[in-house]
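# Analysis of the macromolecular model
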Amino acid sequence: MATSVAEEIKPLTERKAWKALEAHSQTIRESHLRDLFADDPRRGERLTVEAAGLFLDYSKNRVTGQTIRLLLDLAEESGLRQRINAMFSGEKINVTEKRAVLHVALRAPKGASILVDGENVVPHVHEVLDRMAAFTNRIRSGQWTGHSGKPIKNIVNIGIGGSDLGPVMAYEALRHFSNRDLNFRFVSNVDGTDFAEAVHDLDPEETLFIVSSKTFTTLETMTNAHTARTWLLEGIGGHQSSIAKHFVAVSTNAAEVSKFGIDTANMFGFWDWVGGRYSMDSAIGLSTMLAIGPENFQAMLDGFHEMDEHFRTVPFEKNLPVLLALLTVWYVNFFDVATIAILPYEQYLKRFPAYLQQLTMESNGKHVTLAGERVNYATCPIYWGEPGTNGQHSFYQLIHQGTRLIPADFIAFNRTPNNLGRHHDILLANVFAQTEALAFGKTAEQVKAEGTPDWLVPHRVFEGNRPSNTILADELTPKALGRLVALYEHNVFTQGTIWQVNSFDQWGVELGKALAQRIIPELENADEPNLQHDSSTNNLIRRYRKAKGL
Ligand code: F6P
């Protein structure tokens, strides 16, 4: 069932602004960014917004003032304002799971009040944060020791999806702020190689496992957690009591945590109103806090909160996440764009594109509306990317000269903590050069004027008119990371609101999970199973069993 807000909203393609955008897109399609810039000498200064420490230049998009006005109308007609209020006030907007969506409460300051079912959840958030900080201080000071009395040196986070991608991304992003006396490893894949390689050089006596799982039932995570327990017990002489010293859990499921053998005193909780892909700032961020310390973690939360307040209060025409989302809708629905590239020019953000893949695609990769009706328009594009400048020597060829339109977000920082010689100037010159080349290209006349033989000219022409956003911040600090992640969280929310999908469920992962549970015994049982799949699946199972010698 849809929420009351959703019910008042017209289907997307029947909204007035949608129809106007359809007509308007026909004219814009013909315009080139070269002309848009030539017609307005201040375009590159006008089409920018700065807020919460982030500067967004969206001038190199195929839009005019009219486009932006119509997109803003679309946001209004889509009930975005009401939807934002509904989320921030704890309404159960995740209608298929009947849950509130309150990752914003995870970074609300002490003293704030956000009600779920009449109860203020903010004090609970801070109680867990305080417990995490106390635990972190004990580990970092060496006060918490392993079973044999040695301090903990290695932290292994076991989790998958939102219980892995956020922690890995944040650890990599904030490495400069991390305690280098501690080693961090992340195990997610059920492929045993992931675990084996993560622990191969670790001393069990100095190793702490964080089993991170909202449900504490996820196949991959529980398989890895059991393997970790065996590895630990074998490594330290089978003392069951050692589990309490070497395993902690992050979960919403206390019953399963204690069934696994972890004392719930060593469990850090969160709540069903935190979606997995929106959880890196909950207790799921325990590994992050261990790496960077409680104060830096709090700075990251402050950054998230700053962007939350920006999103909640600032008019849409100056609202960073709203503008980014509207541009995505523009390209996906009116230019048939299928993919968006995320290109961080910051090595520490090397896992950011992977993190965003779950955030964006698990959220908005949906084909029915909140009311359960099949959509008649495209929804979430495919997000992908690599840190610059590596991608330039790989897939940028296609972005510059291929046949597909691929809008890109370039993310860069004015300063680096690793200021080696000319590296940073060269890095930033590449950001500015790439967005310029994408937008303006190089005409046949320009290529000819360089003395290029006629036969080679078409190969060396850059059509340009390839859109990009540039997001520029001062330096990648914990606060800046919080702001950046919240920017994309609310971008995803806005997209989902316009497309009228539920950005907070993930039913699309269920079928494969259920089938795998059915197939596991068919691969393991000594007796020939009575296979009832299709002929391809049956055949593949038989081949594998034969290869195993069954
Ligand atoms: O892939 C499905 C999913 O439910 C994600 O949404 C989630 O982040 C991941 O699995 C891990 O779930 P859990 O934290 O419950 O182990």
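Details of the structure are given in the entry above.
Below: a short report on this structure. Keep in mind that what you see is a predicted model, and the values were worked out from it rather than measured.

## Thoughts on the overall build of the protein
- Of regular secondary structure, the protein possesses 23 helices and 13 strands.
- Taking 550 residues into account, the globule formula puts the C-alpha radius of gyration at 24 Å, and the protein, at 25 Å, falls close to it.
- A principal-axis box enclosing the C-alpha atoms of the protein has dimensions of 75 × 60 × 55 Å.
- Counting all 550 residues of the protein, 54% fall into the buried class.

## A few points about the site of the ligand
- In the neighbourhood of the ligand, 13 residues make up the surrounding shell, with S163, S213, K214, T215 and T218 lying closest.
- The side chain of S213 places a nitrogen or oxygen atom 2.6 Å from an oxygen atom of the ligand.
- Between the ligand and E362 there is a distance of 2.7 Å, counted from an oxygen atom to a side-chain nitrogen or oxygen.
- In isolation the ligand exposes 390 Å². Once the protein is present, 87% of that is buried.
- A molecule is said to occupy a pocket when more than half its atoms come within 2 Å of that pocket's grid points, and by this definition the ligand occupies the largest pocket.

## Brief notes about the nonpolar core
- Counting 124 residues, the largest nonpolar core has W273, F352, L481 and Y488 as its most contacted members.
- Counting residues in each nonpolar core, the second largest holds 24 residues, with F209, M222, A228 and I236 among its members.

## Notes on the pattern of salt bridges
- The full count for this structure, using the stated rule, is 22 salt bridges.
- A salt bridge links R107 to D308, with the shortest nitrogen-to-oxygen separation between them at 2.7 Å. Here the residue R107 occupies a position in the loop between α6 (80–88) and β3 (115–116), and D308 occupies one in helix α14 (residues 294–313), the gap between them amounting to 201 residues. Here R107 and D308 have matching classes, each one buried.
- A salt bridge links K150 to D203; the nearest nitrogen and oxygen atoms lie 3.1 Å apart.

## Thoughts on the sheet that holds strand β9 (residues 267–269)
- The strand order β6-β5-β7-β8-β9 describes an open sheet built from 5 strands, whose pairing is parallel. Strands at the two margins of the open sheet, each flanked by one partner only, are β6 (183–187) and β9. Here the strands of the sheet are splayed against their neighbours by 20° on average, with no regard to which way each runs.
- Of the pairings in the sheet, the one linking strand β5 (residues 154–158) to β6 comprises 5 bridges and is parallel in character. Bridge pairing in β6 links I158 to V187.
- Along the sheet, helix α9 (residues 192–199) makes contact with β6 and β7 (207–212), crossing β6 at roughly 170°.

## Overview of the layout of surface pockets
- Roughly 1,100 Å³ of internal volume is contained in the largest pocket.
- Lining of the largest pocket is provided by 44 residues; of these, I160, T215, T218, V509 and K513 occupy positions nearest its centre.
- Among the elements of the structure, α10 (219–235), α16 (352–364) and α22 (510–524) are those that each provide at least two residues to the lining of the largest pocket.
- Of the residues forming the lining of the largest pocket, the biggest block, 9 residues, is contributed by α22.
- Here the residues of the lining of the largest pocket sort into 15 nonpolar, 19 polar and 10 charged.
- Approximately 370 Å³ is the volume attributed to the second largest pocket.
- For the lining of the second largest pocket, the leading source of residues is helix α18 (residues 423–440), giving 3 residues.

About the criteria used
Residues numbered from 1 in each chain as written. Predicted model: local features only at pLDDT ≥ 70, side-chain atom pairs only at ≥ 80, totals over all residues. Heavy atoms only, no water. Helix = DSSP H or I, 4+ residues; strand = E, 2+ residues; numbered from the N terminus. Rg over C-alpha atoms; globule rule 2.2 N^0.38 Å. Buried < 20%, exposed > 50% of the residue type's maximum accessible area, 1.4 Å probe, protein only. Near = heavy atom within 4 Å. Polar contact = N/O pair within 3.5 Å; in protein donor to acceptor, adjacent residues only side chain to side chain. Areas by Shrake-Rupley, 256 points an atom, 1.4 Å probe, with all protein chains shown as cover. 1 Å grid on protein atoms, 1.4 Å probe; cavity = no way out; pocket = protein on both sides within 12 Å on 5 of 7 lines; lining within 4 Å. Sits in = over half its atoms within 2 Å of the grid points. Core = buried A, V, L, I, M, F, W, Y, C linked by side-chain atoms within 4.5 Å. Salt bridge = Lys/Arg side-chain N within 4 Å of Asp/Glu carboxyl O. Pairing = 2+ DSSP bridges. Axes fitted to C-alpha atoms, helices over the stretch in contact; angles between N-to-C directions. Contact = heavy atoms within 4.5 Å. Points joined across faces, edges and corners; volume = space filled by probe spheres on them. Nonpolar A, V, L, I, M, F, W, Y, C, P; charged D, E, K, R; others polar.

Read these as layout, nothing more, since geometry by itself doesn't imply function.
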